[in-house]
Amino acid sequence: MTQTQALSRRRVLKAATGTAVLGMVGFPAITKAQVDTIKIGHLTPLTGFLGQLGVYGQNGAKMAVEEINARGGVLGRKLALTTEDSVNPGVAVTKAQKLIEQDKVSVIIGEISSASAGAIMEQAKRLKALYFNTGANSDELRGANCNRYTFHIEGCNTMYTKTIGLWQKRQGLIKGARWYMLTADYAFGHDLARVSTRFLQENGGIVVQNDLVPTNTPDYSPYILKIRQANPDFVYLNLAGVDQTTFLKQYKEYGLTYKLAGGVMDTIPFWAAGIDALSGYWQSLWYHGLTNKGAVAFTKAFTDKFGGPPDNQAWGDYMGMQIVAQAMTEAKSTAADKLIEVLEKGMKFDLLKNREGFFRDWDHQLLQEMFVVKVKEKDKAKDKWDIFEIIEASPGPDESLELIQPTKAENACSFAT
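Residues numbered from 1 in each chain as written. Predicted model: local features only at pLDDT ≥ 70, side-chain atom pairs only at ≥ 80, totals over all residues. Heavy atoms only, no water.

1. Comments concerning the packing of helix H3 (residues 89–101) against helix H4 (residues 114–127)
Helix-helix packing is characterised by the crossing angle of the two axes and by the distance between the axes. One way to put it is that H3 packs onto H4 with a least axis distance of 8 Å and a crossing angle of 30 degrees. Here H3 is positioned roughly parallel relative to H4, judged by the angle of their axes. As for the relative orientation of H3 and H4, their crossing is right-handed in sense. In this structure, H3 contributes Pro 89, Ala 92, Val 93, Ala 96, Gln 97, Ile 100 and Glu 101 to the contact, and H4 contributes Ala 115, Ser 116, Ala 119, Ile 120, Gln 123, Ala 124, Arg 126 and Leu 127. When its residues are assigned to classes, the contact of H3 with H4 shows ten nonpolar, three polar and two charged. (Axes fitted to C-alpha atoms, helices over the stretch in contact; angles between N-to-C directions. Helix = DSSP H or I, 4+ residues; strand = E, 2+ residues; numbered from the N terminus. Parallel < 35°, antiparallel > 145°, perpendicular 65-115°, else oblique. Left-handed = near helix turned anticlockwise from the far one by under 90°. Contact = heavy atoms within 4.5 Å. Nonpolar A, V, L, I, M, F, W, Y, C, P; charged D, E, K, R; others polar.)

Here you go:
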């Protein structure tokens, strides 16, 4: 080997060695960057008849992540949120699987449709990943279809029904009254009609009719004419999303005077209907008119950022992220089994309400206050969003949070493995 050849060979070996060292140094740095981010999956309908609610939920979740990261993240790591449009149950299944298996998220939050939430729950259980339901109401998700890997921040249908129902009962409005129901023809509506009918009948009410209504129904005149013919005391809505808005507008146009009530109320569809189309007493999981310090701060921050106040779905997804962060901090881990352990022990959460909440260990429903609200007189509304005044918290300040919950006899849950 000549001197030139030897020099060239040493240069090649030195370069190769340097590349290897750089590779060894660089690779751990990439891994560390990945480890330093806690990935959260967020599934919610951003299109379809629940799309408006989903957009508010997305805004709430994003704002929570920004706040959490601004105060240092969780366990010294920043949160990274991936939001996907879960427009129907089939899409929800596919995207839940992708988020868990490919994107490696630590938990999933979100959803509004009970059918889609049920599909996500099945994937969470199968893949042993945590799911926090922030918008689906069906009692069956907490009962016959419950599983240990799902926690429910949204109230169930029984909670909504009992909140307004117990108030109506005290006012003497149920016993002997005739109720005409309009029910969304899918899992949420069927479940809500079942629990609402049970409560009304147990307290002396008479359900004279229950019409099943397809989603995105554009014309409610056939139903409204049937209501007029039945001459009930109350019209009871088990509808959701834009269907609430469409019915309320058309009911107002027909000038019917039968009192309106319902098994559930979402603020956005009521805002869309406008205060002229609204009347009566309703129930709400959360409302931006609450005056406690946390609620006022949240409402101001959301309004400053997005140009209008948060609705109950924005609150739900915002709280979902805050609860996840608090649970991870308490558990000192992102592992599902560690999070389940601390959540089942009854850790308390500031829910931007008057009372703290906590999860029941046997069905993972968040125990919390709800509110009876009354539609404001138009001349007292400060703006287009100021449509309610809060009448009372339910349960009351001296009552158990179990008061509005389904009992084990009403909605049994078994965490089968």
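Once you've had a look at it, read on.
2. Things to note about the pattern of salt bridges
With the rule as written, the count across this model stands at 15 salt bridges. When the shortest N-O distance is used, the salt bridge between Lys 305 and Glu 66 registers 3.0 Å. Residue Lys 305 is found in helix H10 (residues 293–306), and its partner Glu 66 is found in helix H2 (residues 51–70); the two are separated by 239 residues along the sequence. Judged by its relative accessible area of 40%, Glu 66 falls in the partly exposed class. Each of Glu 84, Lys 95, Lys 98 and Asp 103 takes part in one network of salt bridges that share partners. (Salt bridge = Lys/Arg side-chain N within 4 Å of Asp/Glu carboxyl O. Buried < 20%, exposed > 50% of the residue type's maximum accessible area, 1.4 Å probe, protein only.)

3. Description of helix H12 (residues 336–344)
Residues Ala 336, Leu 339, Ile 340, Val 342 and Leu 343 constitute the buried set of H12. The secondary structure elements touched by the buried residues of H12 are strand E3 (107–110), strand E4 (130–133), strand E5 (150–152), helix H11 (312–331) and strand E11 (358–359). Where H12 terminates, the next one or two residues include Gly 346, which has phi positive at roughly 90 degrees.

Read these as spatial facts, not as claims about activity.
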